Amino acid sequence: MNSLYTFYSWTDIIAVLSYLIVTIFLCMKLSSHRSIFLLLSILHFTMTCFYYYNGIVSIDVSDCAMYYRVSYQYSGSWISILSIRESVSFICFLCLPLIHILKLNYLGCFITFSIVGLLGWFLLFRVILDVLVSKKRSKWIYFIFLPQLHYWTCAIGKDSILFFLICVALYTWHFRKPMWTFFFSMLLIAPIRIHIAVGIMLAYVLSVFYSKRHYTWRVKILLALVSLVGLFLSFKVAMQVTNSLNAQELSEYVTRDDAKYSDTNAGVDLSGASWGVKVLSFLFRPLFFDARNYLMIEASVENVFWVLLCLTIALRLCNRQTRREADWHYLGFAILSILILSLGLSYGNSNLGIAVRQKTMIFPFLFYSLFLLQPLKLSQKYKTINTPTSINPLLK
């Protein structure tokens, strides 16, 4: 094993203690369900250790190791590292001070990114608990203990940062924080995955336009302009990254890239499939007949729960009483985010391993939608909730 990734120092103890302190602090911030979040934190740390070990075993193909190696060997200025390559440079930009200023090794950086992912889980947990103030109790809360949801949000790389920022965006939307906080999270997502930032922005803009809440026409025009600029920049970045001259060349590049990944161990041939089939494959595969290793077998088990989750949401949407009780100002944003991101991420993605990782970014919106559609408590059907931070399910 390369000693660059396996040497240990006193900073590892500091990193582990930091994780413990953050966990205790976050548990203290909760007024209820502390034991559930504590178990979630333990599972998250377990998955961090498991991912770290897997990364050490397969060090030559590990993205985490690549980010650490590039940052460790880089001798230029902190800002100049942004010129390396698109999203890779932004992760290295975050790793650089951890390695050269705080002197963290590979394990220390791993735990630092794991803490960022844990903060994302805390924000999502706070949102769900606030929704449940007026809802019946639900065992769906235990869905957060699916291991791969934590496996992909605990490591050095894009996924832990993306998950945290998406949860920040959802938190600011739910608790009606200032609009600039939402845009700031999108601004940070853009250097990593600009299409995800644009997709969530589109959902935000459409939700504001069709919301029954009062928004001035100036705000709506500003949001429309921002979304158009975002779409334009997203297209320009895609053209630059793929060296395409027009939309046709970009489409051909995506098709070639799709074919390349479909030939891998986790790939499936979806070249002739409709977009609907691609979306379903993205959300619910691999299933047991696709499994080729132990991780894919475990993912197959979890995908059964994904099927149940989406089926439950669909059935609740078909229920007239549930639709009437739901607050569509919030639910509309979540549903639009799910649809836009699913359509965008599934196009040109025939690698089931990548799909399992990327659909973690949709999970916060799915989970949010599920609890927004949870039936009301009997006591809440006949009164209005006046708590400012809580959703008023009867407000129309």
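Residues numbered from 1 in each chain as written. Predicted model: local features only at pLDDT ≥ 70, side-chain atom pairs only at ≥ 80, totals over all residues. Heavy atoms only, no water.

Draft legend 1. The packing of aromatic side chains, seen in detail. Scanning all chains against the criterion turns up 34 aromatic pairs. An angle of 80 degrees between the planes, with centres 5.6 Å apart, marks the rings of Tyr106 and Phe110 as edge-to-face. You can see Tyr106 and its partner Phe110 sitting in helix α6 (residues 106-131), 4 residues apart, about one turn around the helix. Here Phe110 falls in the buried class, since its relative accessible area comes to 0%. Taken together, Phe50, Tyr51, Tyr52, Tyr68, Tyr72, Tyr106, Phe110, Tyr151 and Trp152 form an aromatic cluster joined through their ring pairs. (Phe/Tyr/Trp six-rings, centres within 6.5 Å; stacked < 30°, edge-to-face > 60°. Helix = DSSP H or I, 4+ residues; strand = E, 2+ residues; numbered from the N terminus. Buried < 20%, exposed > 50% of the residue type's maximum accessible area, 1.4 Å probe, protein only.)

Draft legend 2. Looking closely at the environment of Ser369. For Ser369, the position within the fold is in helix α18 (residues 363-372). Sequence separation of Ser369 and Leu331 is 38 residues, and the distance between their C-alpha atoms is 6.0 Å. Sequence-distant contacts of Ser369, that is, excluding residues within four places in its chain, are made with Ile313, Leu331, Ala334, Ile335 and Ile338. (Contact = heavy atoms within 4.5 Å.)

Draft legend 3. Quick look at empty space enclosed by the protein. Tallied over the full model, the rule gives 3 cavities of 30 Å³ or more. Space inside the largest cavity adds up to approximately 70 Å³. Lining the largest cavity are Gln148, Leu149, Trp152, Ala299, Glu302, Asn303, Trp306, Val356, Lys359 and Thr360. Those elements giving two or more residues to the lining of the largest cavity turn out to be α7 (147-151) and α14 (294-318). With 4 residues, α14 is the largest single contributor of residues to the lining of the largest cavity. In the lining of the largest cavity, the residues fall into 5 nonpolar, 3 polar and 2 charged. Considering only enclosed or pocket space, the second largest cavity measures out at about 60 Å³ in volume. (1 Å grid on protein atoms, 1.4 Å probe; cavity = no way out; pocket = protein on both sides within 12 Å on 5 of 7 lines; lining within 4 Å. Points joined across faces, edges and corners; volume = space filled by probe spheres on them. Nonpolar A, V, L, I, M, F, W, Y, C, P; charged D, E, K, R; others polar.)

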